[in-house]
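Per-entry structural report
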Amino acid sequence: MKKTVGFIGWRGMVGSVLLNRILKKKDFLNFNFIFFSTSQFSFKNPEFNRFNSNKILKDANNLDELFELDIILTCQGSDYTNKIYYKLRNSGWSGYWIDASSDLRMKIDSVIVLDPINKKNIIQSIDRGIKTFIGGNCTVSLMMLALGGLFRNDLIEWISFSTYQAASGGGSGYILELLKQIKFLNKYLSKDDNLSKSILDIEKKITKITQKNSFPIKNSLVPLILNLIPWIDLDMSSGQSKEEWKMEAETNKILSLKDNKKILIDGTCVRIGSLRCHSQSFLIKLKKNIDISNIEDIISSDNKWVKIIKNNKNDSIKKLTPLSVTGTLNIPIGRIRKLSLGNNYISAFSIGDQLLWGAAEPLRRMLKFLI
């Protein structure tokens, strides 16, 4: 008998990407599904509801209707999870909960899912009766896919990282605001005589425009266009942002490593003005000296999505950019080289679409495990 899956938060960026992947892979043929909404219940269901007979959106806050589901898949966010998850569990609901938000990731009875890396743990957890499966932080998932071979072979002593994260990582509001900032500046640049001025005069004028009180910075607090923001997520009161804290904490949980075996991972997370895709620069200390060709073989043989990019200027600038990767499942990794710090130190630079492997795809694949 087919399982019944409830979808919540399917209109947002991650939810929309997830549904597109499910449609493309024809996963809907393998289960019954019901669409829920927190604000538009009783409205007509989406067009792709042609796969079953439920034509009306259900109320995502109705515990009685949620209780009847075998699986709940939510991309609605942490506020919804914290409101509904514990009420359902406390009422005796024993179904599977698959979630894109972060709040349940580090709970002892939840598993962070990234099956190319921890498939064995996922299957064992299902067998043990675990019912809560959470998508990992986007930068963590993309890093682990890129460096999966090094993790799997226990070659990493520690990692220092710098991330360059797209506006979409902050949600649709960040993208809309970035586009508003572009439009705001375009009013000045579109005047015929502006570009004939001195470049320094233009630069000075644009900088003043971004400092106007009317410049749109509601979400980002400071301009993101022509700028960067060297802080993402909450202040952990330790000098770290929460985004930086997640890199070590979630990685070690995905790998099921105890405190005395954990890999040390720390660095700086930065928001940049690309629309999509997160980039990461790594300084890695290996546990032993390995030549670059062997390192590349270990990385490239780990999963079918990681792609080694030759460490030269032409390939790097063409194949290691957000625009070259957006909308794909590819995880290119390049700039791999030994550092002058010593034979055990290497650098690498990777990039991936944070809405696909960084968010939606692990959830889709987890759903397939359960059905």
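Residues numbered from 1 in each chain as written. Predicted model: local features only at pLDDT ≥ 70, side-chain atom pairs only at ≥ 80, totals over all residues. Heavy atoms only, no water.

1. Regarding the packing of aromatic side chains
Tallying each qualifying case throughout the model produces 18 aromatic pairs. Measuring from ring centre to ring centre gives 6.3 Å for Phe31 and Phe33, while their planes differ by 75°; the resulting arrangement is edge-to-face. Accessibility assignment for this pair places Phe31 and Phe33 in one class, buried. Connected via pairs of aromatic rings, a cluster forms that spans Phe7, Trp10, Phe28, Phe31, Phe33 and Phe35. Here the basic side chain of Lys187 rests over the ring of Phe184, its NZ or CZ set 5.9 Å away from the ring centre. (Phe/Tyr/Trp six-rings, centres within 6.5 Å; stacked < 30°, edge-to-face > 60°. Buried < 20%, exposed > 50% of the residue type's maximum accessible area, 1.4 Å probe, protein only. Lys NZ or Arg CZ within 6 Å of the ring centre and 35° of its normal.)

2. Brief notes about a nonpolar patch on the surface
Taken together, Leu176, Leu179, Ile182 and Leu275 make up a surface patch of nonpolar side chains, about 350 Å² in accessible area. The residue Leu275 is located in the loop between strand S9 (264-271) and strand S10 (278-286) in this model. (Patch = residues over 30% accessible without salt bridge, like charges linked within 9 Å, V, L, I, M, F, W, Y side chains within 5 Å. Areas by Shrake-Rupley, 256 points an atom, 1.4 Å probe, with all protein chains shown as cover. Salt bridge = Lys/Arg side-chain N within 4 Å of Asp/Glu carboxyl O. Helix = DSSP H or I, 4+ residues; strand = E, 2+ residues; numbered from the N terminus.)

3. Digging into the state of the cysteines
Counted under the stated rule, the structure contains zero disulfides. Unpaired in this structure, Cys75 has its nearest cysteine sulfur neighbour in Cys138, at a distance of 13 Å. By relative accessible area, Cys75 is classed as buried at 18%. There is no disulfide at Cys269, and the cysteine sulfur nearest it, in Cys138, is 8.8 Å away. Since its relative accessible area comes to 0%, Cys269 is described here as buried. (Disulfide = S-S within 2.5 Å.)

4. What to know about the pattern of salt bridges
In this structure the tally under the stated criterion is 14 salt bridges. In this structure, Glu243 and Lys246 form a salt bridge, with 3.8 Å as the shortest nitrogen-oxygen distance. Placement of the pair is Glu243 and Lys246 together in helix H9 (residues 242-254), with a separation of three residues, close to one helical turn. A residue is classified by how much of its surface remains accessible, and Glu243, at 5% relative accessible area, is buried.

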